[in-house]
Amino acid sequence: MRRCAVALLLVAAVAGCESARPANQPSWRNPAASAPSPDRSPDSAAAGPSGILTTSLGTDPQATTTKLTIHDVQTGRPVFTGSMPGWPLRTRLHRQSFSPDWTLDGQGRPAVRMDVAMSGTEQSASTLVASERALVSAEVRVTADTAATSIFYVCQEPVDDQTLLCVAQGGGQVYGAVALLTADREAKTVTLRQGIPKVEGGVRGAYLAPDRTRVAIHTDGGWYLADLGSGGEPRPLFPQLATQGADVQFWG
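Now for a quick tour of the structure.

What counts, and at which threshold
- Residues numbered from 1 in each chain as written.
- Predicted model: local features only at pLDDT ≥ 70, side-chain atom pairs only at ≥ 80, totals over all residues.
- Heavy atoms only, no water.
- Helix = DSSP H or I, 4+ residues; strand = E, 2+ residues; numbered from the N terminus.
- Buried < 20%, exposed > 50% of the residue type's maximum accessible area, 1.4 Å probe, protein only.
- Contact = heavy atoms within 4.5 Å.
- Disulfide = S-S within 2.5 Å.
- Pairing = 2+ DSSP bridges.
- Core = buried A, V, L, I, M, F, W, Y, C linked by side-chain atoms within 4.5 Å.

## Focus: the overall build of the protein chain
Thinking step 1. A tally of helices and strands in the protein chain yields two helices and 15 strands.
Thinking step 2. By residue count, 43% of the 252 residues in the protein chain fall in the buried class.
Thinking step 3. Partitioning the contacts of the protein chain with sequence separation of at least 6, the portion at a separation of at least 24 is 45%.

Structure, rendered in structure tokens:
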């Protein structure tokens, strides 16, 4: 119960919830330490920080807490920091980790895993996790004789109920650095289409913006930002996040 409560408090801080603040909510602080201007509207004052969330080792002497940092998506610099007590370090915190009832989809519907094939291919080994109405996650692997057509995408973040964001693994960016997956449940097939064009260097991760129209891409060469599905080339942002040794979680 405590883990669930702490998770809900974190997502409230990231999303800017306007409900009353419980006593054990993680405290957020702005490194710039600037006071809000007197003419700031109530709505803007209540809005929480938005950016790339990372976790790292806490600063308490016993190292029993996890440090949370939100980075500005344009510069990579920290804008807010806080701590989460009792959370194991190096635990991957996906957006869906913060659903109120801890299920596989945000509406509390049970999900099942199924073997599927990629539409139009013969040599594919793919899996899909889905509830009755929503896609939850997937892995798509297509083997071929040439490296040019070999692909492996991992899909762990829903764009909407029927579309998953997929990140290319390795150099086989046949459908771009980021692809979009849809599924035909009756045929047990999945389809990929390009979400973001191919980028140079290995893709370490892709993080969907809260408005679900943009994606921040982490590569071996730095960070990029792209409009999802526009066909435009990703634009460079910064070489690395300001906090070293942190695990990137998501864009919240």
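## What about the state of the cysteines?
Thinking step 1. Here the structure, examined in full by the defined rule, presents one disulfide.
Thinking step 2. Residue Cys-155 pairs covalently with Cys-166 via a disulfide, S to S 2.1 Å. Across the S-S bond of Cys-155 and Cys-166 the torsion is about 100°, and the bridge reads as right-handed. Separated by 11 residues along the polypeptide, Cys-155 in strand β7 (residues 151-160) and Cys-166 in strand β8 (residues 163-168) bring together distant segments of the chain. Neither residue differs from the other here; Cys-155 and Cys-166 are each classed as buried.

## Observations regarding the environment of Ala-209
Thinking step 1. Within the secondary structure layout, Ala-209 lies in the loop between β11 (203-208) and β12 (214-219).
Thinking step 2. The class of Ala-209 is buried, set by a relative accessible area of 0%.
Thinking step 3. Remark: the alpha-carbon pair of Ala-209 and Ser-50, spanning 159 residues in sequence, is separated by 9.2 Å.

## Thoughts on unusual backbone geometry
Thinking step 1. The backbone of Lys-188 sits at a positive phi, close to 55°, despite the residue not being glycine.
Thinking step 2. Judged by relative accessible area, Lys-188 falls into the partly exposed class, the value being 46%.
Thinking step 3. Backbone geometry at Arg-212 places phi at a positive 60°, although glycine is not the residue there.
Thinking step 4. Looking at the element boundaries, Arg-212 is found in the loop between β11 and β12.

## Structural notes on the pairing of strand β6 (residues 135-142)
Thinking step 1. The sheet contact formed by strand β5 (residues 126-131) and β6 spans four bridges and is antiparallel. Pairing of Leu-128 across the sheet is with Ala-138, part of β6.
Thinking step 2. Between β5 and β6, which pair antiparallel in sequence order, lie three residues.
Thinking step 3. As paired strands, β6 and β7 are joined by five bridges and run antiparallel to one another. Bridge pairing in β7 places Arg-141 opposite Phe-152.

## What to know about the nonpolar core
Thinking step 1. Core analysis: the largest hydrophobic core is formed by 19 residues, its most contacted members being Leu-128, Val-140, Leu-181 and Leu-192.
Thinking step 2. Listing elements by their share of this core, those giving two or more residues are β4 (111-118), β5, β6, β7, β8, β9 (178-184) and β10 (189-196).
Thinking step 3. Take this core: its biggest share by element is four residues, from β6.
Thinking step 4. Among the nonpolar cores identified, the runner-up in size contains 15 residues, and Val-159, Val-203, Leu-208 and Ala-226 belong to it.

Everything listed here is a matter of coordinates, which is why it stays silent on function.
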